[in-house]
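Chain by chain, the residues run as shown.
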Amino acid sequence: MALITLNFFSQALNRTVPCNVVIPSDKVVARGAEAAPRGPYKTLYLLHGILGNYTDWVAGTRVQALANAHDLCVVMPSGDNKFYCDSDLSGDYYARFIGQELVEFTRATFNLSTRREDTYIAGLSMGGFGALVNGLRNMDTFSHIAAFSAALIKDRILGAVQEPGHDFFTRAQYCTLFGLQKVADFEGCPWDYDALARAAGQLQDKPRIYMACGTEDGLFAANTAYRDLLEAQGFTVTWHQASGGHDWNFWDRAIEWVMDWLPLGEAVRGISSENVK
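Visitor: I'd love a proper account of empty space enclosed by the protein, names of residues and values included.
Guide: Summed over all chains, the structure comprises 1 cavity of 30 Å³ or more. The computed volume of the largest cavity comes to approximately 30 Å³. In terms of lining, the largest cavity is formed by Leu44, Tyr120, Ile121, Ala122, His144, Ile145, Ala146, Val258, Trp261 and Leu262. Those elements that place two or more of their residues in the lining of the largest cavity are strand S7 (119-124), strand S8 (144-148) and helix H9 (248-261). The class makeup of the residues in the lining of the largest cavity is 9 nonpolar, 1 polar and no charged.

Visitor: So, the pairing of strand S1 (residues 2-10): which residues are in play, and what are the values?
Guide: Where S1 and strand S2 (residues 15-23) come together, 9 bridges link them in antiparallel fashion. Pairing of Leu6 across the sheet is with Cys19, part of S2. The loop that links S1 with its antiparallel partner S2 comprises 4 residues; one of these, Asn14, has a positive phi angle of about 60 degrees.

Visitor: With reference to specific residues and values, describe the environment of Trp257.
Guide: You can see Trp257 is positioned in helix H9. The class of Trp257 is buried, set by a relative accessible area of 18%. Among all residues touching Trp257, those that are not within four sequence positions of it are Tyr210, Ala212, His240, Ala242 and Phe250.

Visitor: Could you give me a rundown of a nonpolar patch on the surface, with the residues and numbers involved?
Guide: On the surface, Ile50, Leu51 and Phe168 cluster together into a nonpolar patch covering about 300 Å² of accessible area. With respect to the helices and strands, the residue Leu51 is situated in the loop between strand S3 (42-47) and helix H1 (56-60).

Visitor: Could you give an account of the side chain of Asn68, with specific residues and numbers?
Guide: Mapped onto the elements, Asn68 comes out in helix H2 (residues 63-70). If sequence neighbours within four positions are ignored, Asn68 has contacts with Met1, Pro24, Lys27 and Ala267.

Visitor: Which residues make up the pattern of salt bridges, and what values do they have?
Guide: Oppositely charged side chains can form a pair if their charged atoms are brought close together. In total, this model carries 14 salt bridges according to the counting rule given. Its salt-bridge partner being Asp92, residue Arg15 comes within 3.4 Å of it at the nearest N-O pair. In this pair, Arg15 is assigned in strand S2 and Asp92 in strand S6 (residues 92-93), connecting sequence segments 77 residues apart. For Arg15, a relative accessible area of 31% gives the class partly exposed. The partner of Arg116 in a salt bridge is Asp205, with the nearest N and O atoms 3.3 Å apart.

Visitor: Outline the packing of aromatic side chains, supporting the account with residue identities and numerical values.
Guide: If you walk through the whole model with that rule in mind, you get 20 aromatic pairs. A ring pair is formed by Phe168 and Phe169, whose centres lie 5.0 Å apart and whose planes are at 85 degrees; its orientation type is edge-to-face. Residue class for Phe168 comes out partly exposed when judged on its relative accessible area of 47%. Ring geometry for Phe169 against Tyr174: centres 5.5 Å apart, planes inclined by 65 degrees, an arrangement best described as edge-to-face. For the pair formed by Phe169 and Tyr174, the shared burial category is buried. Put simply, the rings of Phe83, Phe129, Phe168, Phe169, Tyr174, Phe178, Phe186, Tyr193 and Tyr226 pair up and form one aromatic cluster. In this structure, Arg227 packs its charged tip against the face of Trp239, placed 4.8 Å from the ring centre.

Calculation notes
Residues numbered from 1 in each chain as written. Predicted model: local features only at pLDDT ≥ 70, side-chain atom pairs only at ≥ 80, totals over all residues. Heavy atoms only, no water. 1 Å grid on protein atoms, 1.4 Å probe; cavity = no way out; pocket = protein on both sides within 12 Å on 5 of 7 lines; lining within 4 Å. Points joined across faces, edges and corners; volume = space filled by probe spheres on them. Helix = DSSP H or I, 4+ residues; strand = E, 2+ residues; numbered from the N terminus. Nonpolar A, V, L, I, M, F, W, Y, C, P; charged D, E, K, R; others polar. Pairing = 2+ DSSP bridges. Buried < 20%, exposed > 50% of the residue type's maximum accessible area, 1.4 Å probe, protein only. Contact = heavy atoms within 4.5 Å. Patch = residues over 30% accessible without salt bridge, like charges linked within 9 Å, V, L, I, M, F, W, Y side chains within 5 Å. Areas by Shrake-Rupley, 256 points an atom, 1.4 Å probe, with all protein chains shown as cover. Salt bridge = Lys/Arg side-chain N within 4 Å of Asp/Glu carboxyl O. Phe/Tyr/Trp six-rings, centres within 6.5 Å; stacked < 30°, edge-to-face > 60°. Lys NZ or Arg CZ within 6 Å of the ring centre and 35° of its normal.

In structure tokens, the structure reads:
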């Protein structure tokens, strides 16, 4: 499994951005074994949480080994605390970057499948918010969406105060993040995940959705409520709850669960340091 760190110019963000990619293009198999696949590869776009960056998933989980076991390419960009949304107020267009530009760039750079059924998006916490929002806004691109401990904080946004210290973001910062004139405008805006679920519920060929959350996580109630909304709108939702909090112990298990859920299949086992005797 090759681990590649990219730095490339993003037109959506108007700067050079970093990204980690794991891809099984270097896989070598034992003599006499079935030949290793050479693509085009199924692809998971995997988003980190608040305070993190493109290194988080590789540092915090077994994602590289798990991707290798499924011959899956995993693309891990940086979201810079921006909730993977576009904002005219900040001039940051992370939704355009995640949902369109990053997919187009990585497909042009690597031997990735261009088929919707082979293209997936997932994330944890803030990245779970980003995966749900961008997956629902780009259903022609992503066939499967996964969210772990998703930061479904609409009530917090609508109730934000101006003074710093009461929340991670102030009212003005939430407005800047989501391109709002006032926090009340989040209701029904392009990043309102409730409104997106209701709108997408009217459409055919909806993406399949996987949600997981720890029972000791402060976001557990918000995640179960969103699961119920999605199911009421006709989505096929796979729900996984287990003991755990808002931490890497839970997310390391969750990335394994979701790879078992995705339509990936088993891979040819390659030669690596873990199995050379």
